[in-house]
Amino acid sequence: MHSRWDELTASDWDLALKMSDSTCILPIGILEKHGPHLPIGCDLIHVREWSARATKKEYAVVFPDYFYGQINEAKHQYGTFALSEKVVWELLEETCDEIGRNGFKKILIVNGHGGNPELLRYFIQTRLEKPRNYAVYFFDPQQDADFQKQYKALHKSDEADDQHAGERESSSLLYFRPDLAEMDRAGIESGVNQKRLSNPNVYTAIWWYAAYPNHYAGDGSKASLALGKFISEHIISQLAEAIKTVKADKKTLELQNEFFNRMKK
Ligand SMILES: [Zn+2]
């Protein structure tokens, strides 16, 4: 049985719902510059590969590539696809409603873009706004001490700067799509924190641009296939475990329904 929604036939549907325990993954990436050397769809490629590989270990249906998220901070760079806030919100809401209308009771959001988590957590919190017949989950992998130790042994550049198209992300892209990584260009722009704004204990939207005006944070030239293989295989096995957890979970929907029944009208 294929995992991807767009590769299933309508006559596969009942069996796909049964095999997935009515679980559908919504893989969310973005289209944005990734330094001078990685493809615009780097985050999308990551969530696509994680989902494809994890569902081979633990079956679930995977919604087609979704790249409509929060990316205002890269609008000064080519390749950025940034829809307006209302469209982003309504598209996400209606996408989940449509996944639900097709029989899925559990939607697992798998995110690959660093500018999305605030949006996605707020979206999930607001699912309690009114009764719905499905639950939304967020894949939120934690790293244990064992992972940290091996990661530190393989990682060469400054960890604080390694946030976007740097060593970590360049390594995992090298693992999934070496044909798309233009590694000889990784050093032509700076991914060092420019520290142009200092307001301790305060958050403001321009912080990212202040620090990383090239929309590049880290040093992609330090990338290695060994690091890429290690982090990618780790996250794929964590995702397979999360799918297993969501499939087995009956309590979330039960409590959600109890809550909706008690909700003051
Ligand atoms: Zn990225």
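One can find the structure itself at the top, above this paragraph.
This is a predicted model, so every value here is computed, not measured.

Explanation requested: a nonpolar patch on the surface in the structure shown.
Where nonpolar side chains cluster on the molecular surface, the patch consists of Leu 197, Tyr 203, Ile 206, Trp 207 and Tyr 209 and spans about 540 Å² of accessible area. Locating Leu 197 in the fold gives a position in the loop between helix H6 (167–176) and helix H7 (207–211). Residue classification places Leu 197 among the partly exposed residues on the basis of a relative accessible area of 40%.

I tried to follow the packing of helix H5 (residues 145–154) against helix H8 (residues 225–248) on my own but got confused; where do I start?
To describe two helices that pack against each other, one gives the angle between their axes and the distance between the axes. At their nearest, the axes of H5 and H8 sit 9 Å apart, and the two run at 160° to each other. Classed by the angle they form, the pair H5 and H8 counts as roughly antiparallel. In terms of crossing hand, the pair formed by H5 and H8 is left-handed. Between H5 and H8, the residues in contact are Phe 147, Gln 150, Tyr 151 and Leu 154 and Ala 226, Leu 227, Phe 230, Ile 231 and His 234, respectively.

Is there a simple way to think about the coordination of the zinc ion in this case?
Coordination angles at a metal have ideal targets, namely 109.5 degrees for four tetrahedral donors and 90 or 180 degrees for six octahedral donors. Around the zinc ion, the protein supplies His 34 (NE2), Asp 43 (OD) and Glu 169 (OE) as donor atoms, at distances of 1.8 to 2.1 Å. Each donor residue of the zinc ion belongs to the same chain, with the gaps between them written as H-x8-D-x125-E. Of this pair, Asp 43 sits in helix H2 (residues 42–57) while Glu 169 sits in helix H6, placing them 126 residues apart in sequence. Of the residues examined, Asp 43 reaches a relative accessible area of 2% and is grouped as buried.

What's the story with the pairing of strand E4 (residues 135–138) in this structure? I'm lost.
Side chains on a regular strand alternate between the two faces of the sheet. By the alternation rule, side chains of E4 split into Ala 135 and Tyr 137 and Val 136 and Phe 138, which are all buried. The pairing of strand E3 (residues 106–111) with E4 spans 4 bridges and is classified as parallel. Among the inter-strand pairings, Ile 109 is bridged to a residue of E4, identified as Phe 138. Read from E3 through helix H4 (residues 117–125) to E4, the crossover connection turns out right-handed.

So what exactly am I meant to see when it comes to the packing of aromatic side chains here?
Aromatic rings in a pair are described by how distant their centres are and how their planes are angled relative to each other. Under the criterion given, the structure shown has 16 aromatic pairs. Plain terms: the ring middles of Trp 5 and Trp 13 are 5.0 Å apart, the flat faces sit at 85° to each other, and that makes the pair edge-to-face. Each member of the pair, Trp 5 as well as Trp 13, carries the same accessibility label: buried. Relative to Trp 208, the ring of Trp 207 lies with its centre 5.5 Å away and its plane at 80°, an arrangement referred to as edge-to-face. Exposure remark for Trp 208: the relative accessible area of 10% places this residue in the buried category.

Help me understand the pattern of salt bridges, please; the structure alone is not making it clear to me.
Opposite charge on two side chains lets them pair, provided their charged atoms get close. Per the counting criterion, the structure on display carries 17 salt bridges. Its salt-bridge partner being Glu 98, residue Arg 101 comes within 2.7 Å of it at the nearest N-O pair. One end of the pair is Arg 101 and the other is Glu 98, both in helix H3 (residues 85–101) and 3 residues apart, which spans about a single turn. Take Arg 101: its relative accessible area is 59%, and that puts it in the exposed class.

Is there a simple way to think about H2 in this case?
An α-helix turns once per 3.6 residues; consequently, residues spaced three or four apart project the same way. Under the 1.5 Å per step criterion, the end-to-end length of H2 is 23 Å for 16 residues, consistent within 8% with the ideal 22 Å. Of all the positions in H2, only Cys 42, Asp 43, Leu 44, Ile 45, His 46, Val 47, Glu 49, Trp 50, Ser 51, Ala 54 and Thr 55 are classed as buried. Where H2 is buried, its residues touch strand E1 (23–28), strand E2 (61–62), E3, H6 and H8.

Just to check I follow, could you spell out unusual backbone geometry for this structure?
Although it is not a glycine, Ser 22 sits at a positive phi angle of roughly 55°. Here Ser 22 is to be found in the loop between helix H1 (13–19) and E1. A residue is classified by how much of its surface remains accessible, and Ser 22, at 17% relative accessible area, is buried. Although it is not a glycine, His 215 sits at a positive phi angle of roughly 50°. Residue position: His 215 is located in the loop between H7 and H8.

I keep staring at the nonpolar core and nothing clicks. Help me out?
Generally speaking, a soluble globular protein has its nonpolar side chains buried in company with each other. Trp 5, Leu 26, Val 61, Ile 99, Phe 104 and Ile 109 are the most contacted members of the largest nonpolar core, which totals 23 residues. Within the residue set of this core, elements represented by two or more residues are H1, E1, H3, E3, H4 and E4. Excluding residues that lie within four positions of it along the chain, Val 61 makes contacts with Ser 3, Trp 5, Leu 8, Ala 16, Ser 20, Thr 23, Cys 24, Ile 25 and Phe 104.

Reading the values: the criteria
Residues numbered from 1 in each chain as written. Predicted model: local features only at pLDDT ≥ 70, side-chain atom pairs only at ≥ 80, totals over all residues. Heavy atoms only, no water. Patch = residues over 30% accessible without salt bridge, like charges linked within 9 Å, V, L, I, M, F, W, Y side chains within 5 Å. Areas by Shrake-Rupley, 256 points an atom, 1.4 Å probe, with all protein chains shown as cover. Salt bridge = Lys/Arg side-chain N within 4 Å of Asp/Glu carboxyl O. Helix = DSSP H or I, 4+ residues; strand = E, 2+ residues; numbered from the N terminus. Buried < 20%, exposed > 50% of the residue type's maximum accessible area, 1.4 Å probe, protein only. Axes fitted to C-alpha atoms, helices over the stretch in contact; angles between N-to-C directions. Parallel < 35°, antiparallel > 145°, perpendicular 65-115°, else oblique. Left-handed = near helix turned anticlockwise from the far one by under 90°. Contact = heavy atoms within 4.5 Å. Donors = N, O, S within 2.8 Å, 3.2 Å for Na, K, Ca; no water. Pairing = 2+ DSSP bridges. Right-handed = clockwise from strand over helix to strand, strands pointing away. Phe/Tyr/Trp six-rings, centres within 6.5 Å; stacked < 30°, edge-to-face > 60°. Expected span 1.5 Å × (residues − 1). Core = buried A, V, L, I, M, F, W, Y, C linked by side-chain atoms within 4.5 Å.

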